[in-house]
Amino acid sequence: MRIVFLGALVIISLAIQATFFGVLRLPGNVTPDLVFIIVICEGLLRGSERGALFGFAAGLFGDILNGNVVGIGSLVRMLTGFIAGFFEQAVFKENFVLPIIAVFTGTIIFQSLELGLRIAFNENYRFWWVFFTGIIPLAIYNTLLAPAIYWIMMRTDSFFEERR
Amino acid sequence: MNQLITNRRFAAVTIILLVLTWFMFTTSHEREREGTLEYFFNTAMIPLEKTFNWCGMLFGGGWNNILEMKKFKQENITLKEKVAYLETRQSNMEWLENENNRLRESLGFSASPLNDLIAAETLSVNPSNWGSTLTINKGDVDGLHRNMAVISPYGVVGRVLDVRSNTADVILINDPRDGNTIGGIVQRNNTMVIVDGGGTLLGECTIRPAIDNFFTDLQLGDVVTTAQISDIFPQGLVIGKVVGIEQGANKMAFRAVLEPLVDLGKLQTLYVVKKKYETSEENVPGGKQ
């Protein structure tokens, strides 16, 4: 049941990114990456293995919709979920500080990795320019949305746990 | 080592990584057709995206309309005046067009066909921050094909990438993927340049000289238009404006930043060029009659 919920969450998030967020003109020409936030939250709530598996599936779905180099988003999100999972036991789940820090640093580290991989596959980016003008703003937008998404995922997680 | 190889988790991760690497290498170049899975998922997402668009227009549009009511009134008056002026000009233009056709006929030139355009609406944009593509509401049934030019009244938008039965993906000129390139002409001095998607900032393009290891004469504010040699785009459409230049020791540019003149983030209606206007031999004096 929880898998269905997570699947629906990813599909709706991608649809929001493709429609509502697509017309936003935020500084840096980037829009919040909801799927990326969800992957980090899943890792924090469920651990490395689940985080990596979910990151892989969500990333692959995003890559297929994106239509560009398939696999980069999937690899990056799989790593993101895996690393986020190390902090599963670190603090109380009700504490919102960890997800905020995790989303901010995770966006900077793993989106930079994604940018590096895209440059390696001949996409025309200039790393430091895009890092400062694109990835830093993206980290801020993601961080602003992180508490709300973490709260939704935490509540549904406990809901499904209670029903078990 | 033996333990590591027989470990199921290790084997699963290795297989996943190998599959992903294979995917990355096979999809890193522009493909003739999108894969079956891509076709299926992109088509399946359309109804949801249409619903979200409809909701956005219903709530966002309604709220904006209330906020901008006063502005609309003033705009309405201005537009009515403009329509009256343009109608007068239009009748004058029709007279000129007729006269032009008469003169062409008398000189033995065939009539120049206008670009055959198909109007399309944007359904959704690429959900990723690392790609600039749009999905439009016209597809195979409307006669769209891969690599048809997509334009707006302000200039070049991009080209058709993947065509499905009722929708199509458009790759914008600023998409940074390998091979997204247009031949351009600097209006000021008729120098040929190559415009690549991506570069310095997200949403911008890069200009390089048409010949490798060659510098070119560029200035800030130069307008770049599509070149005649393009197989895809009609000649003379505005691509963008030079907003940054990287110069060599000889003060000549080896690379420049181009800002598209079309606001690619706010596209609603755009036009697919079904038939490119070409200066055929028949239209050249002394050419085939």
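Residues numbered from 1 in each chain as written. Chains lettered and ligands numbered in written order. Predicted model: local features only at pLDDT ≥ 70, side-chain atom pairs only at ≥ 80, totals over all residues. Heavy atoms only, no water.

Section: the overall build of chain A
For chain A, the count of helices and strands is 6 helices and 0 strands. Order of helices (α) and strands (β) in chain A, N terminus to C terminus: α-α-α-α-α-α. For 164 residues, the compact-globule estimate of 2.2 N^0.38 gives 15 Å, and chain A sits close to it at 15 Å. When each of the 164 residues of chain A is scored for burial, the buried share is 59%. When contacts within chain A are restricted to residue pairs at least 6 apart in sequence, long-range pairs at least 24 apart make up 74% of them. By element, 72% of the accessible surface of chain A is carried by carbon and sulfur atoms, the whole surface being about 7,200 Å². When the 11 basic and 11 acidic side-chain charges of chain A are each reduced to a single mean position, those positions are 3 Å apart. (Helix = DSSP H or I, 4+ residues; strand = E, 2+ residues; numbered from the N terminus. Rg over C-alpha atoms; globule rule 2.2 N^0.38 Å. Buried < 20%, exposed > 50% of the residue type's maximum accessible area, 1.4 Å probe, protein only. Contact = heavy atoms within 4.5 Å. Areas by Shrake-Rupley, 256 points an atom, 1.4 Å probe, with all protein chains shown as cover. Lys, Arg positive; Asp, Glu negative; His and termini not counted. Charge placed at Lys NZ, Arg CZ, Asp CG, Glu CD.)

Some remarks on the sheet that holds strand 12 (residues 269-275) of chain B
Hydrogen bonds along the backbone pair up the strands of a sheet, which may run parallel or antiparallel. Residue and element names in this part refer to chain B. Reading around the circumference, 1-2-5-4-3-12 is the order of the 6 strands in this closed barrel, with antiparallel pairing throughout. Here the strands of the sheet are splayed against their neighbours by 45° on average, with no regard to which way each runs. Here 4 bridges tie strand 3 (residues 149-152) to strand 4 (residues 155-163), and the two strands are oriented antiparallel to one another. Within strand 4, the position partnered with S152 by the bridge is G155. (Pairing = 2+ DSSP bridges. Axes fitted to C-alpha atoms, helices over the stretch in contact; angles between N-to-C directions.)

What about the interface of chain A and chain B?
At the interface, 48 residues of chain A touch 48 residues of chain B. Across the chain A to chain B interface the summed buried area is about 4,300 Å²; carbon plus sulfur atoms make up 63%. Put simply, chain A and chain B have 1 salt bridge between them. Remark: the boundary between chain A and chain B carries 16 residue pairs in polar contact (both at pLDDT 80 or more). Elements supplying a minimum of two residues to the side of chain A that touches chain B: helix 1 (2-18), helix 3 (48-66), helix 4 (72-85), helix 5 (97-120) and helix 6 (127-163) of chain A. Residue composition of the side of chain A that touches chain B, grouped by class: 26 nonpolar, 16 polar and 6 charged. (Buried area = accessible area lost by both parts, 1.4 Å probe. Salt bridge = Lys/Arg side-chain N within 4 Å of Asp/Glu carboxyl O. Polar contact = N/O pair within 3.5 Å; in protein donor to acceptor, adjacent residues only side chain to side chain. Nonpolar A, V, L, I, M, F, W, Y, C, P; charged D, E, K, R; others polar.)

Points about the packing of helix 2 (residues 34-46) of chain A against helix 5 of chain A
Residue and element names in this part refer to chain A. The contact between helix 2 and helix 5 brings their axes to 10 Å, and the two run at 125°. What the angle tells us is that helix 2 and helix 5 run oblique. Classified by chirality, the crossing of helix 5 by helix 2 is right-handed. Two secondary-structure elements touch here, helix 2 through F36, I37, I40 and L44 and helix 5 through L98, P99, A102, V103, G106, T107, F110 and Q111. (Parallel < 35°, antiparallel > 145°, perpendicular 65-115°, else oblique. Left-handed = near helix turned anticlockwise from the far one by under 90°.)

A short note on the environment of I37 of chain A
Residues and elements named next belong to chain A. Looking at where I37 falls in the secondary structure, it is placed in helix 2. Along the sequence, I37 and A58 sit 21 residues apart, while their C-alpha atoms lie 11 Å from each other. Excluding residues that lie within four positions of it along the chain, I37 makes contacts with V103, N142, L145, A146 and I149.

Structural notes on the confidence of the model for chain B
Close inspection of predicted coordinates is inappropriate for parts of the model with low pLDDT. All names here are of chain B. Per-residue confidence for chain B gives a mean pLDDT of 82, with 87% of residues at or over 70. By mean pLDDT, the top-scoring element of chain B is strand 5 (residues 168-172) (93), and the lowest-scoring one is helix 1 (residues 2-6) (63). Within the model, the stretch residues 279-289 combines pLDDT values under 50 with 13 contacts to residues more than four positions away or in other chains. The complex model carries a pTM of 0.82, and its ipTM stands at 0.87. (pLDDT = per-residue confidence, 0-100.)

Describing the nonpolar core
Looking at soluble globular proteins, one finds that nonpolar side chains tend to be buried together. The biggest cluster of nonpolar side chains holds 46 residues, and the ones touching the most others in it are V10, L14, I40, F54, I149 and M153 of chain A together with M24 of chain B. Those elements giving two or more residues to this core turn out to be helix 1, helix 2, helix 3, helix 4, helix 5 and helix 6 of chain A together with helix 2 (8-27) and helix 3 (36-67) of chain B. When sequence neighbours within four positions are dropped, the list of residues in contact with I149 of chain A reads L34, I37, I38 and C41 of chain A. A120, A253, L258 and V273 of chain B belong to the second-largest nonpolar core, a separate cluster that totals 37 residues. (Core = buried A, V, L, I, M, F, W, Y, C linked by side-chain atoms within 4.5 Å.)

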